[in-house]
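# Residue-level structural notes
Here is what each chain is made of, one letter per residue.
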Amino acid sequence: TQYASLFPAMIQDWRHHWGEDDFPFLFVQLAGYQSVHPPYDWPLLREAQMKTLSLPNTAMAVTIDIGDPPNIHPRNKQEVGRRLALAAQAVAYKQKVAYSGPLYSSMEVEGNKVRLHFTHLGGGLVAPRQFGNPERLVGFTIAGADHKFVGASARIEGDTVVVESNQVEHPLAVRYAWQNYPICNLYNQAGLPASPFRTDAWTD
């Protein structure tokens, strides 16, 4: 999408014209919005926002868990502000605080399972109890060579998440919260939600 190039270009342009080097830039990732049903337009925009973290001195407040289906702007402004304040403490004021939820970093295939690795563990990965078993994760899908994603079971193992489905014998890719308004529950112990992500770059 154009957003993937325009958003980081805007940040770089502002920094250039204000002559303040790489001044801190904080932003909010698009919250859950619209419907759990396809077509899924918003996940690609969230992905573009997450990739912008490759620019130095940036931070992103993930709000996938506090969205409002009919309103693109979350009503829970206090929590959005709290998460941005944590980002400001870390990026602008160089304080050692957990300021981001888990961010996907890499994957490895282990037979019929996929193991996912993350940064920003914030004391460890958790699934909040309001979803039942505190280690029962929701929001994951998995696919093989046919590129057809199906619902997957996922569990926390140490600092990783293991994903599998009996419908996919040879998995190649995993997606998490890859919907406009996903039901998902991966957090770190700092209480910050994981950003939606995908391990693939497929166009279908």
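Before any of the text, the structure's been laid out above.
On to the nonpolar core, then. In this structure, Leu116, Phe140, Val161, Val163 and Leu186 are the most contacted members of the largest nonpolar core, which totals 33 residues. For this core, the secondary structure elements donating two or more residues are helix H1 (3-18), strand S1 (25-28), strand S4 (113-119), strand S6 (140-143), strand S8 (153-157), strand S9 (160-164) and strand S10 (173-176). When residues in this core are grouped by element, the largest group, three residues, is from S4. Beyond its immediate stretch of four places on either side in the chain, Phe140 contacts Leu116, Val150, Gly151, Ala152, Ala154, Val161, Val163, Val174, Arg175, Tyr176, Leu186 and Phe197.

What follows concerns the sheet that holds strand S7 (residues 150-151). Across the sheet, which stays open at both edges, the four strands sit in the order S7-S6-S10-S12 with antiparallel pairing between neighbours. In this open sheet, the two edge strands, each paired with only one partner strand, are S7 and strand S12 (197-198). Two elements, S10 and S12, share two bridges in a ladder whose sense is antiparallel. Each residue of the ladder has a partner; that of Tyr176, found in S12, is Phe197.

Before going further, it helps to spend a moment on the layout of surface pockets. Put simply, the largest pocket is a space of about 180 Å³. Contributing to the lining of the largest pocket are 13 residues, with Tyr40, Thr141, Phe149, Trp178 and Gln179 lying nearest its centre. By residue class, the composition of the lining of the largest pocket is seven nonpolar, four polar and two charged.

The alternating pattern of S8 places Ala154 and Ile156 on a buried face and Ser153, Arg155 and Glu157 on a face that is not buried. As paired strands, S8 and S9 are joined by five bridges and run antiparallel to one another. Residue pairing for S9: Ala154 is matched across the bridge by Val163. Counted along the chain from S8 to the antiparallel partner S9, the turn is two residues long, and its residue Gly158 has a positive phi close to 65 degrees.

For the coordinates displayed, the defined rule picks out 14 aromatic pairs. Seen in terms of ring centroids, Phe7 and Phe25 are 6.1 Å apart; in terms of plane orientation they differ by 70 degrees. Their pairing is edge-to-face. Of this pair, Phe7 sits in helix H1 while Phe25 sits in strand S1, and the two are 18 residues apart along the sequence. A single burial state applies to Phe7 and to Phe25, both of which are buried. Taken together, a centroid distance of 6.4 Å and an interplanar angle of 45 degrees make the contact between Phe25 and Phe27 tilted. When sorted by exposure, Phe25 lands in the same class as Phe27, which is buried. Ring-pair connections join several aromatic residues into one group, and the members of that group are Tyr3, Phe7, Trp14, Trp18, Phe23, Phe25 and Phe27. Over the ring of Phe23 we find Arg15; its NZ or CZ atom is 5.7 Å from the centre of that ring.

Basis of the calculations
- Residues numbered from 1 in each chain as written.
- Predicted model: local features only at pLDDT ≥ 70, side-chain atom pairs only at ≥ 80, totals over all residues.
- Heavy atoms only, no water.
- Core = buried A, V, L, I, M, F, W, Y, C linked by side-chain atoms within 4.5 Å.
- Buried < 20%, exposed > 50% of the residue type's maximum accessible area, 1.4 Å probe, protein only.
- Helix = DSSP H or I, 4+ residues; strand = E, 2+ residues; numbered from the N terminus.
- Contact = heavy atoms within 4.5 Å.
- Pairing = 2+ DSSP bridges.
- 1 Å grid on protein atoms, 1.4 Å probe; cavity = no way out; pocket = protein on both sides within 12 Å on 5 of 7 lines; lining within 4 Å.
- Points joined across faces, edges and corners; volume = space filled by probe spheres on them.
- Nonpolar A, V, L, I, M, F, W, Y, C, P; charged D, E, K, R; others polar.
- Phe/Tyr/Trp six-rings, centres within 6.5 Å; stacked < 30°, edge-to-face > 60°.
- Lys NZ or Arg CZ within 6 Å of the ring centre and 35° of its normal.

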